[in-house]
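# Summary of structural features
The residues making up each chain are set out below.
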Number of protein chains: 2
Amino acid sequence: MATSINARKENPPEFVIGMDLGATRIRLGAFQPDGALISSLEGEIRAEEGPDAGLERIASLVENLLHQAELDRRCLLGIGIGSTGPVDSRRGLLVNPGTMPGWLNVPIVAHLQDRFHTPVCLENDADAAALGEYWQGVGHPTQAGIPPVRRLYAITVGTGIGTAFILDGQVVRGADGFHPEGGHQIVDPSGPECYCGGRGCWESLCSGSAIGRMGRSALKAAPEAGTALLKLAGGEVDRIDARLVCKAARQGDPLSRGVIEQAAKAFALGVFNILMLFFPEVIVLSGGVMHSSDLFMPALNEMQHAASAYLPIERVHILPARLGYYAGVYGAAYALLQAIHHPQLEIQPPF
Amino acid sequence: MATSINARKENPPEFVIGMDLGATRIRLGAFQPDGALISSLEGEIRAEEGPDAGLERIASLVENLLHQAELDRRCLLGIGIGSTGPVDSRRGLLVNPGTMPGWLNVPIVAHLQDRFHTPVCLENDADAAALGEYWQGVGHPTQAGIPPVRRLYAITVGTGIGTAFILDGQVVRGADGFHPEGGHQIVDPSGPECYCGGRGCWESLCSGSAIGRMGRSALKAAPEAGTALLKLAGGEVDRIDARLVCKAARQGDPLSRGVIEQAAKAFALGVFNILMLFFPEVIVLSGGVMHSSDLFMPALNEMQHAASAYLPIERVHILPARLGYYAGVYGAAYALLQAIHHPQLEIQPPF
């Protein structure tokens, strides 16, 4: 008995940390291995201050989480990271100069491994969100009304748009382990130029950045139509972002409703293409902008109706993420647990 | 010894039949189980005469093949069909009223099973072409210069455009076994209406039908630019099809070159989207129009160059099918062999 109690004292509960690294925000969660959330926190990444300061800030946030939840770091199973793309999962590098200037080949995995002496793995944010929803969200076996999910396609709309395809619980990757970048599918070749070099990419038309940009330029062109939006922005056009545009649209601001309608049409085009190219049982919508997914549903419903002329569209469920902003945090933790428990998986963290 | 010879006499070599069913042509091949082609033939489907006459014509072609190659029908392992989509593989039905008017829920599998007393399976034509290239074409281990192919994406451009994704040798299907229809991804929302109900679908812009239509209307608008094309069509505008447009373009006919250039740009957009959404090691181009894939390569190269700003595009090989028109015939045979030898596969022929 004494031995057993001592053993328990020496072995406080194990936990895993999941981290969602966006171009603007970072979210962390500590989880029990069964998926129960122990504690979470979030902070700003301030990517524009460069990768050195950013990595330090990330490590401090991990320290804060350990401290806040009074977690014993000896029981840390590892840290899973889901990051805004592209990432090089195999080599543990952030490769994202597009939305995080200067963040090219940043060795985040090695940095956190050295700092916390624990396994660390890196996934694309959309893969992480998809895995999270598969693990504890819409794909969880307890979810009613959805047949068993073999093919789950996740769309993460934040600063950019990330996509992920989960087949039988595994991330479907691209050549050499690279992550496909569905946010850069072209849905309108007459659309605006994107930083990727393309024109009319999906994310140039309806990502959070795009919606913010559309809101700002619409307001400059016709200020009288967006009084509610301008008020929400405290009178400063430059403070307008996607969140405020969604909020103002919900209040009935005509300009904001027009912007959302336009963005939703473009969003529906990309979802239509994903339907045609993958035809999955479930499409999950996550990320900051999809916190307002209800605003996008009329366009999506119209698109589904059009597609139903050709494919049995009733077999596809388009659903908001159940885990909300924290889908990626859950999924990053799940990815780490998978990497520990299924070493045969294609992408292995370098530990 | 005598027994052995007798046994051999009683067991002449086994073979399998692969069939590629297009909206206009049907091709058949008899194969040894190791992939060696024994004999082949082709004929017209004349889909417009309706499914009853069509099924009878298909069965006659099978008879002709057996006769032509002096094959013993007792050694027929089965018949694999790859058909222009959509098909219902699970139920063995052709569901293709779009390009084959009247062909809705046509029970081709049951028909051929009853007629030839042999297993029959049905695949989408693009799946079949993809499996064929995987089995005996660009994915074959003896092919030099290509790293091991885990992800093969096939694009079949014929009357329509079919797509297929092979992951580790298996067809990746959609919900309920349905086949995704990548040919209906939207690449230009300002494009022409498609029979599927969409606007600016990929296949409405660069399929064989689209190229023929574009050639005919361009010639009506500016006959002086297409004299070579008109000559190839024997002076009859209505005889112009994609094959003639490609042929005239190769001869330098300015109108035909313009049509191909426009179609190739649209084609490259769709391939770009597939790159972004799948990022496979190999993209294989097959089908009648891609018999002229060299005419489409300049636009594809330009697209790849643009995409290289964002993804390591050098890891993706875009290649014409090695099996040419017969990729689908090979793959249909392979699908039948797989169905016999791997009964755990998701889609089983109903035998």
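As the structure is a computational prediction, the values presented were derived from the model and not from experiment. (Residues numbered from 1 in each chain as written. Chains lettered and ligands numbered in written order. Predicted model: local features only at pLDDT ≥ 70, side-chain atom pairs only at ≥ 80, totals over all residues. Heavy atoms only, no water.)

The next point concerns the overall build of chain A. A tally of regular secondary structure across chain A gives 11 helices and 13 strands. Here chain A has a C-alpha radius of gyration of 21 Å; the compact-globule value for 351 residues is 20 Å, and the two agree. By residue count, 59% of the 351 residues in chain A fall in the buried class. By sequence separation, contacts in chain A at least 24 residues apart represent 65% of the contacts at least 6 residues apart. Here chain A carries 27 positive and 36 negative side-chain charges, and the mean point of each set is 4 Å from the other. (Helix = DSSP H or I, 4+ residues; strand = E, 2+ residues; numbered from the N terminus. Rg over C-alpha atoms; globule rule 2.2 N^0.38 Å. Buried < 20%, exposed > 50% of the residue type's maximum accessible area, 1.4 Å probe, protein only. Contact = heavy atoms within 4.5 Å. Lys, Arg positive; Asp, Glu negative; His and termini not counted. Charge placed at Lys NZ, Arg CZ, Asp CG, Glu CD.)

Residue and element names in this part refer to chain B. As summarised here, the arrangement of the three strands in space is β5-β6-β7, forming an open sheet in which the pairing is antiparallel. Single-partner strands in this sheet number two, and they are β5 (87-88) and β7 (104-106). Of the pairings in the sheet, the one linking β5 to strand β6 (residues 93-95) comprises two bridges and is antiparallel in character. Within the sheet, the bridge partner assigned to D88 lies in β6 and is L93. (Pairing = 2+ DSSP bridges.)

For the pair chain B and chain A, the relating rotation is 180°, the translation along its axis is 0.0 Å, and the fit reaches an RMSD of 0.0 Å. Such a combination of rotation and displacement between the chain copies is what one expects of a two-fold axis. Most of the interface of chain B is mirrored in chain A, where 100% of its interface residues again form contacts. (Least-squares fit on C-alpha atoms with pLDDT ≥ 70 in both.)

This paragraph deals with the interface of chain B and chain A. With 43 residues of chain B at the interface, the matching set in chain A holds 43 residues. Together, the buried faces of chain B and chain A total about 3700 Å²; carbon and sulfur atoms form 66% of this surface. Broken down residue by residue, the surface that chain B buries against chain A is led by A175, L277 and Y310 of chain B, which jointly contribute 19%. In this assembly, chain B and chain A are joined by two salt bridges. Among the ionic pairs, R315 of chain A bridges to D176 of chain B, the shortest N-O distance being 2.5 Å. Taken together, the links from chain B to chain A amount to 14 residue pairs in polar contact (both at pLDDT 80 or more). (Buried area = accessible area lost by both parts, 1.4 Å probe. Salt bridge = Lys/Arg side-chain N within 4 Å of Asp/Glu carboxyl O. Polar contact = N/O pair within 3.5 Å; in protein donor to acceptor, adjacent residues only side chain to side chain.)

To continue, consider the confidence of the model for chain A. All names here are of chain A. Per-residue pLDDT for chain A averages 89, and the proportion of residues at 70 or more is 92%. Overall, residues 345-351 carries pLDDT values under 50, and its contacts beyond four positions in sequence, including any with other chains, amount to 24 contacts. Note on the complex model: pTM 0.81, ipTM 0.81. (pLDDT = per-residue confidence, 0-100.)

This brings us to helix α2 (residues 51-68) of chain A. Residue and element names in this part refer to chain A. The end-to-end C-alpha distance of α2 is 25 Å, a good match for the 26 Å that 18 residues give at a rise of 1.5 Å each. The set of residues buried in α2 consists of G54, L55, R57, I58, A59, L61, V62, L65 and L66. Where α2 is buried, its residues meet β1 (15-21), β2 (25-31), β3 (37-44), β4 (76-83), β7 (104-106) and α3 (108-116). Looking one or two residues beyond α2, the residue adopting positive phi is E70, at roughly 50°. (Expected span 1.5 Å × (residues − 1).)

Turning our eyes to something else, we now look at the sheet that holds strand β8 (residues 120-124) of chain A. All names here are of chain A. With respect to topology, five strands assemble into an open sheet ordered β3-β2-β1-β4-β8, the strand pairing being mixed. Edge positions in the sheet fall to β3 and β8, since each of these pairs with one other strand and no more. Adjacent strand axes in the sheet meet at a mean angle of 15° when their direction is disregarded. As paired elements, β4 and β8 share five bridges and run parallel to each other. Looking at the pairing, I79 lines up with V120 of β8. Each of β1, β2, β3 and β4 touches α2; the most contacted strand, β3, lies at about 145° to it. Across the face of the sheet, helix α11 (residues 327-341) comes into contact with β1, β2, β3, β4 and β8 while running at roughly 130° to β1. (Axes fitted to C-alpha atoms, helices over the stretch in contact; angles between N-to-C directions.)

The next thing to look at is the side chain of D253 of chain B. Residues and elements named next belong to chain B. Tracing the backbone through its elements, the reader meets D253 in the loop between α8 (242-250) and α9 (254-278). With no salt bridge to any partner, buried D253 finds its closest opposite charge in R257, at an N-O distance of 8.6 Å. At a separation of 3.3 Å, a polar atom in the side chain of D253 contacts the main-chain amide nitrogen of A228. D253 has contacts with A225, G226, T227, A228, L229 and A248, leaving out every residue within four places of it along the chain.

Within the structure shown, the criterion is met by 36 salt bridges over all chains. The residue E123 of chain A makes a salt bridge to R173 of chain A at a minimum N-O spacing of 3.1 Å. Placement of E123 of chain A in strand β8 and of R173 of chain A in the loop between β11 (170-171) and α5 (202-206) is noted, with a sequence separation of 50 residues between them. On the basis of relative accessible area, R173 of chain A is assigned to the buried category, the value being 11%. Each of D88, R90, R91 and D176 of chain A together with E314 and R315 of chain B takes part in one network of salt bridges that share partners.

Here the focus is the packing of helix α2 (residues 51-68) of chain B against helix α3 (residues 108-116) of chain B. All names here are of chain B. Two numbers describe how α2 lies on α3: the axes approach to 11 Å, and their chain directions differ by 45°. Viewed along their axes, α2 and α3 adopt a mutual orientation that is oblique. In this structure, α2 meets α3 at a crossing whose hand is right-handed. Facing L55, E56, I58, A59, V62, E63 and L66 of α2, the residues of α3 in contact are I108, H111, L112, R115 and F116. (Parallel < 35°, antiparallel > 145°, perpendicular 65-115°, else oblique. Left-handed = near helix turned anticlockwise from the far one by under 90°.)

The next point concerns the pairing of strand β10 (residues 161-167) of chain A. All names here are of chain A. Burial within β10 is extensive, with seven of its seven residues counted as buried. Residue alternation in β10 divides its side chains into two sets, I161, T163, F165 and L167 and G162, A164 and I166, and both sets are buried. With antiparallel pairing between neighbouring strands as the criterion, strand β9 (residues 151-157) and β10 make up a hairpin whose turn holds three residues. Note that β10 and β11 share two bridges and pair antiparallel. By the bridge assignment for β11, I166 is matched with V171.

Turning our attention to the nonpolar core. Soluble globular proteins tend to pack their nonpolar side chains together in the buried interior. The biggest cluster of nonpolar side chains holds 122 residues, and the ones touching the most others in it are I155, F267 and I283 of chain A together with I155, F267 and I283 of chain B. Setting aside anything within four residues of it in sequence, one finds I283 of chain B in contact with Y153, I155, V271, I274, L275, V316, H317, I318 and L319 of chain B. (Core = buried A, V, L, I, M, F, W, Y, C linked by side-chain atoms within 4.5 Å.)

The subject of this paragraph is the packing of aromatic side chains. Applying the stated criterion across every chain yields a total of 21 aromatic pairs over all chains. Plain terms: the ring middles of W135 of chain B and Y330 of chain B are 6.4 Å apart, the flat faces sit at 70° to each other, and that makes the pair edge-to-face. Residue W135 of chain B is found in helix α4 (residues 125-136), and its partner Y330 of chain B is found in helix α11 (residues 327-341); the two are separated by 195 residues along the sequence. Looking at W135 of chain B, the relative accessible area reads 12%, which means it is buried. For Y330 of chain B, a relative accessible area of 13% puts it in the buried group. Among the aromatic side chains, those forming a connected cluster through ring pairs are Y153, F165 and F278 of chain A together with Y153, F165 and F278 of chain B. (Phe/Tyr/Trp six-rings, centres within 6.5 Å; stacked < 30°, edge-to-face > 60°.)

Below, the discussion takes up unusual backbone geometry. All names here are of chain B. If you check the backbone angles, R46 has positive phi at about 45° while not being a glycine. Relative to the helices and strands, R46 resides in the loop between β3 (37-44) and α2. Accessibility expressed as a relative area gives 38% for R46, which makes it partly exposed. The backbone of N105 sits at a positive phi, close to 55°, despite the residue not being glycine. Mapped onto the elements of the fold, N105 is located in strand β7.

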